[in-house]
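# Understanding the architecture of this molecule
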Amino acid sequence: MNARRRLGSLPLLLALAASLACSVAPPVVAPSPPSSSALAPPVVAALPLDPAIRAGRLDNGLRYYVRANVRPAKRASLWLAIDAGSVQEDDDQRGLAHFLEHMAFNGTARYPKRELTAWLERTGVRFGADLNASTGFEETVYTLTVPTDDPAILSQGLDVLGEWACCVSLDPTEVVAERGVVLEEWRLGRGASARVRDRQLPILWRGSRYAERLPIGDPGVIEKASTEQLRRFYRDWYRPDRMAVVAVGDFDPAAMERAIRARFASLPAPPPPRGWETPQVPAGGALRTDVTADAELSVASVSLSRIGPAERLLTADDYRRDLLRGLWSGMLNARLDELRRSPSPPFLAASASSGSGVRGAQLFRLQATAAPERVEPALAAVLAELERVRRFGFSAGELERQKAGLLRRYESAFAEREKAESDDLAGELLANFLEGEAAPGIEAELALVREMLPGITLAQVQEAGAGWLAEDGRVLLASGPERSGSPAPDAARLAALVDESRHLELAAYDDRTVAGPLVEKPPGPGTIVAERRIDPLGVLDWTLSNGVRVLLKPTDFKNDEILLRGFRPGGHSTVADADYLSASYATAVLAEGGLGRFDAVSLRKALAGRLAGAGVQLSELEEGISGGSSPRDLETMFELAYLSLTAPREDPQAFAAFRARTRAFLENRLAQPQAVFADELSRHLYRDHPRRRPPTPATIDAIDLATAGRVFRQRFANLRGFTFVLVGSFTPEAVRPLVEQWLGGLPAAADGAVPASWRDIGVAYPEGVETFEVRKGIEPKASVSVIFHGDAAFSREAQHTLKSLADALQIELREALREEDGGTYGVGVTGSLVDRPRGRYALSIGFGCAPTRVEELTRDLFATLERFQREGPRQETVEKVRETARREREVALRENGFWAGTLTGYVRVGWELTDILRYDELLARVTRENLAAAARLYADRSRYVRGTLLPEATEGKP
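Summarised in this report is the structure supplied together with it. Treat the numbers as computed from the prediction; the structure is a model and nothing was measured.

## A short note on the pattern of salt bridges
- Going through the model one piece at a time under the given rule, you end up with 113 salt bridges.
- Salt-bridge contacts for Glu779 lead to Arg195; the nearest nitrogen and oxygen are separated by 2.9 Å. Taken together, the residues Glu779 in the loop between strand E20 (769-775) and strand E21 (782-791) and Arg195 in helix H5 (residues 192-204) connect sequence positions 584 residues apart. Exposure class is identical for Glu779 and Arg195. Each is buried.
- One salt bridge connects Glu622 with Arg836, and the closest N-O pair in it is separated by 3.5 Å. Pair noted here: Glu622 is in strand E18 (residues 622-629) and Arg836 is in the loop between strand E22 (827-834) and strand E23 (840-849), with a separation of 214 residues, a long-range link. The pair formed by Glu622 and Arg836 is uniform in burial state, with each residue classed as buried.
- Taken together, the shared-partner salt bridges connect Glu115, Glu121, Arg122, Glu812, Arg814, Glu815, Arg867, Arg874, Glu876 and Lys880 into one network.

In structure tokens form, the structure reads like this:
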């Protein structure tokens, strides 16, 4: 459950998962346009709804969308959308739209108190992941993912949506209990960024309700809100004519449609509604400017936004408009990324984007993140590039690359049309209901793109950029650290830079490219010298002539996805202490330089229109590589993997840019309370070991490019002993020549020097109990972290038991500290067990709360843990953990990422690969007795580190 702060810019419709447009909600089925006349322009018809979708409206006004989809298998995404959010709140209700969303989980007519969550968790539904809700400015959305292989569970899932729609009980006792949780969510979100937002939001959305109705609300109102105030919002806005049910999943769509109509037709027709119109943000006017300084900011940011009238994304013409804008912003973003890579970068990151996150306006935004003292150069650089585009436009090469990339992404989405994720499809239908966004389906979208893209000209794209180039209705906002001796940027000077940019001396953009193939001299291919089939897993095991091992698992899980993983024991633990810093950053530094003949910029240009990538990693105990591609671009992925392993570029200019950017991020890092706390926790846990110290500007200054290159060559010059895992949509026959050439051709001579394997660098862990306290920050919030640690035997069974223990503790601590105490928004519990350099475990528990409740909640944490160790978890908790794990495994077995990671992990530690299928044996070990024993072992109360972060002053806000 969360309050969605839909602020700032949103990506355009380029990611194919129907981006949010700014509009009012239309009917589900687009109406026929009225006839045109000489006095009015013709109305262009809306794009029809995807024929795969069953949509309708009940007599009471409720709309529904139903779509069959098989990914993930045996699951359904059931969503209830309410076309009402924080902007509908009365003055005495600010925050109650979100509070009401919380209360929907705390009791309905059919599920008193918290029985709804308890029942769903018993079916394997994960609280937070499968069961959640969010509140935005203009909507409240409840999301539920349930199994479909049990008709009773699926039916009850619809009943849950129905309960939320009509029958939230709003028990006064539960309201009091949940009030603390809602305030803790508010508290969790506080910090420097929240303070900047609180100041700048009213400036950006001046003259509209968006400026004063942040979804998280006003804590003063939340503290005092009565049950009747909540009930009034529920009565006014939770009306069937403001609701939609969205159902996407592995079910019979006709049966689902009948079930929705039967379940929701009985919702009473509403009384006359309260009057309501979408808030409008006043457009036009002179430049507005604001600069905000805050002591806890670590970097500065600056944005130039232009507010325009709201737009719809409903017709083919609307799609073309956004297509043009996407090409425009994509080309500008490519240029800004090129500037980011310059030896003395003017900013740390910069981007152009369109979309506001509210229905009452369209926002065009240029924004940059910079070092505190570089705000003016950052803004000047962004403005100069914008002015360059205004005067000279873009080049033909830039446009063709953007077209190629855009078309390729649509083609990939089309290839995956039968294997799209249900949540993604549900999100598209949600946008159709709430935002009025067309949902014609990827077939129709690809057809539109193929029809429109070839004829798009540079002049048309330039015209589409008018929203960014216009000079009315602009807002200039900046923020940065508040430090003595370093004044905040001057608002008048920043505004002057905007005017001065129109008179700069500028040259047209130089579109540098590198021609020719990625690999100038391909390696001679190797051969497959041994082959073994692991039939239960559908895996082939090849040994190549250079000693490299390749595991292949062809799948039909996704049509357009292939994943590559490669690894070998070793890593930077093998290097001398003097070389450690350069070694630990080696792959990051060299990746900035590009590959082979291509620097990073020319490589990006050369790869336009191809979906393929690869990157090398050098960790403490291992060297490796990861990559991915579509089947069409598989050879490109292999080429990139080959170059990444054999031909990284030591580029001094790219290194200088990397060092400047990274140093700027770190210079003010310790202004953030959580960073100070994390560093102190690390110091206590790892005894200030030299190779566990947090990065500082001095760390970055100590990196040497030549040393990084030397270490890289030492570790990767001979790749004998590497194991590669290939998973995805391919056939062994088709991939064989690529594997033989690009993996079999890797340097891996038997008589060459194979680098040493990993070594134990001697990290010492504390004995006994250590506690510490950090006082940092001005917000009334605290964080508590408890980490149990020690030596332990490593095994497949032990690893699963520790994970199950963490899952069980998370449930019981959530119920104790959140539901019973009302003291925290959530409790996080994670467990890890490693085999190298020796068997060690860590069990981490953390939560946030009010400073005044730290000791109380910490006592309850340890009391809950002591009971758990003595009696074991409740049997209901055991059943929840087992069923959730079983259901998660069901889904994971149909994921390429699961197989790539699991095969890699099993080979890494030497487990029998066929044991992957013996998961039921691990589940059978999840019992009250075993979990209690695990708690006694892994949560040894005589050996842990406990840290507490408190503000510098504890008085103030709640």
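## What about the packing of aromatic side chains?
- For the structure on display, the rule yields 26 aromatic pairs.
- Plain terms: the ring middles of Tyr906 and Trp911 are 5.0 Å apart, the flat faces sit at 85° to each other, and that makes the pair edge-to-face.
- What makes Tyr906 buried here is its relative accessible area of 8%.
- A network of ring pairs unites the aromatic residues Phe105, Tyr142, Trp164, Tyr234 and Tyr238 as a single cluster.
- Positioned over the ring face of Phe264 is Arg263, at 5.7 Å from the centre of the ring.
- The aromatic ring of Tyr919 is capped on one face by Arg889, whose charged end is 4.1 Å from the ring centroid.

## What about the packing of helix H26 (residues 796-820) against helix H27 (residues 854-871)?
- Two numbers describe how H26 lies on H27: the axes approach to 10 Å, and their chain directions differ by 135°. The pairing of H26 with H27 is recorded here as oblique in orientation. Where H26 crosses over H27, the two elements pack in a sense that is right-handed. Taking contact as the criterion, the partners of Leu805, Ala808, Leu809, Glu812, Leu813, Ala816 and Leu817 in H26 are, on H27, Leu857, Asp860, Leu861, Thr864, Leu865, Arg867 and Phe868.
- Of the residues that constitute the contact of H26 with H27, the class distribution is ten nonpolar, one polar and three charged.

Cut-offs used in this document
Residues numbered from 1 in each chain as written. Predicted model: local features only at pLDDT ≥ 70, side-chain atom pairs only at ≥ 80, totals over all residues. Heavy atoms only, no water. Salt bridge = Lys/Arg side-chain N within 4 Å of Asp/Glu carboxyl O. Helix = DSSP H or I, 4+ residues; strand = E, 2+ residues; numbered from the N terminus. Buried < 20%, exposed > 50% of the residue type's maximum accessible area, 1.4 Å probe, protein only. Phe/Tyr/Trp six-rings, centres within 6.5 Å; stacked < 30°, edge-to-face > 60°. Lys NZ or Arg CZ within 6 Å of the ring centre and 35° of its normal. Axes fitted to C-alpha atoms, helices over the stretch in contact; angles between N-to-C directions. Parallel < 35°, antiparallel > 145°, perpendicular 65-115°, else oblique. Left-handed = near helix turned anticlockwise from the far one by under 90°. Contact = heavy atoms within 4.5 Å. Nonpolar A, V, L, I, M, F, W, Y, C, P; charged D, E, K, R; others polar.

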